[in-house]
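Analysis of the macromolecular model
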Amino acid sequence: MKLIALMTLAMTLSGCISTYRGFSPDAIDRKQTAGSCDVMYYNVKKFDILESGGYNRLQTFFRNAAICKTMKPADEPPAKGLYVKVETKWRPMSMSALVFGYISISTLTLLPSWSTQDGYDVRYYLYRDGEKKETYSYDITRKAGLWAGLLPFAWINAFTYSEEDAFQATSNQFWTDAQPYFVGESH
């Protein structure tokens, strides 16, 4: 128990700086115009790994979106109407980043580690009347560094893109890319 407490304290006091990339930053705050479709069903699949707000951001996006007049959660595509299923796949860090991360944590972050390749593959599957029409794919990359020497600079995290920002950007980009399906529908 003391080891877990010590490792948690080390992570809290360590210098970890991270940011997310691979998406269009202007999509984070992109304003949506309301679609004219009546109802859209959606399903945001649970992430296959511990996440830092991305899943909740996707749920909030679809729950509050103006994509259609009514947004309803559903497990399967309905026989009539629009449906979107969102799946995420975690891209793990490289083996060297994993090894150096383990060594860094083992030394209470006295030795540095970094990762530049992990992230998420996000897929939005759009269905109309039970038939898959389009797949929209977006990649999110996380870049992170862990080292006790970064502790004085940990405040930089307040100015980098978070996981929530990254998933908000992909949601807004999906909204823009799939716009023709949301206008003129009356299902």
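Going by the structure above, here's the rest.
Residues numbered from 1 in each chain as written. Predicted model: local features only at pLDDT ≥ 70, side-chain atom pairs only at ≥ 80, totals over all residues. Heavy atoms only, no water.

Given a rise of 1.5 Å per residue, 15 residues ought to cover 21 Å, and the 21 Å separating the end C-alpha atoms of helix α4 (residues 163-177) matches this to within 8%. Where burial is concerned, most of α4 is hidden: 11 out of the 15 residues are buried. Among the residues making up α4, those that are buried are Glu163, Ala166, Phe167, Gln168, Ala169, Thr170, Ser171, Asn172, Gln173, Phe174 and Trp175. Check the buried side of α4 and you find it contacts β1 (16-21), α2 (54-64), β4 (82-91), β6 (119-128), β7 (131-146) and α5 (179-182). (Helix = DSSP H or I, 4+ residues; strand = E, 2+ residues; numbered from the N terminus. Expected span 1.5 Å × (residues − 1). Buried < 20%, exposed > 50% of the residue type's maximum accessible area, 1.4 Å probe, protein only. Contact = heavy atoms within 4.5 Å.)

Turning next to the packing of aromatic side chains. Across all of its chains, the model carries 17 aromatic pairs by this definition. Plain terms: the ring middles of tyrosine 120 and phenylalanine 167 are 5.2 Å apart, the flat faces sit at 70 degrees to each other, and that makes the pair edge-to-face. Taken together, the residues span a long stretch of sequence, with tyrosine 120 in strand β6 and phenylalanine 167 in helix α4 at a distance of 47 residues. Ring centres 4.6 Å apart and planes at 10 degrees place the aromatic pair tyrosine 124 and phenylalanine 174 in the stacked group. Taken together, the residues span a long stretch of sequence, with tyrosine 124 in strand β6 and phenylalanine 174 in helix α4 at a distance of 50 residues. (Phe/Tyr/Trp six-rings, centres within 6.5 Å; stacked < 30°, edge-to-face > 60°.)

Summed over all chains, the structure comprises 9 salt bridges. With a closest N to O distance of 4.0 Å, arginine 91 and aspartate 139 form a salt bridge. Placement of arginine 91 in strand β4 and of aspartate 139 in strand β7 is noted, with a sequence separation of 48 residues between them. Accessibility expressed as a relative area gives 39% for aspartate 139, which makes it partly exposed. (Salt bridge = Lys/Arg side-chain N within 4 Å of Asp/Glu carboxyl O.)

Moving on, we come to the layout of surface pockets. Its volume calculated, the largest pocket comes out at about 800 Å³. Breaking the lining of the largest pocket down by element, the ones donating at least two residues are β1, α3 (95-106), β5 (113-115), β6 and β7. Ranked by residue count, the leading element in the lining of the largest pocket is α3, at 5 residues. Among the residues making up the lining of the largest pocket, the classes are represented as 16 nonpolar, 10 polar and 4 charged. (1 Å grid on protein atoms, 1.4 Å probe; cavity = no way out; pocket = protein on both sides within 12 Å on 5 of 7 lines; lining within 4 Å. Points joined across faces, edges and corners; volume = space filled by probe spheres on them. Nonpolar A, V, L, I, M, F, W, Y, C, P; charged D, E, K, R; others polar.)

With that settled, the discussion passes to the pairing of β6. By the criterion of burial, β6 is predominantly enclosed, with 8 of the 10 residues buried. When β6 meets β7, the two strands line up antiparallel, connected through 10 bridges. Considered in β7, the bridge of valine 122 is made with tyrosine 138. Where β6 hands over to β7, the hairpin turn is made up of 2 residues, of which aspartate 129 adopts a positive phi near 55 degrees. (Pairing = 2+ DSSP bridges.)

Here we come to the state of the cysteines. With the rule as written, the count across this model stands at 1 disulfide. Disulfide pairing places cysteine 37 opposite cysteine 68 at an S-S distance of 1.8 Å. Here the disulfide of cysteine 37 and cysteine 68 is left-handed, its torsion about the S-S bond being about -90 degrees. Taken together, the positions of cysteine 37 in strand β2 (residues 37-44) and cysteine 68 in strand β3 (residues 68-73) put the pair 31 residues apart, joining distant regions of the chain. Exposure class is identical for cysteine 37 and cysteine 68. Each is buried. (Disulfide = S-S within 2.5 Å.)

Although it is not a glycine, threonine 109 adopts a positive phi angle of roughly 65 degrees. Looking at the secondary structure, you find threonine 109 in the loop between α3 and β5.

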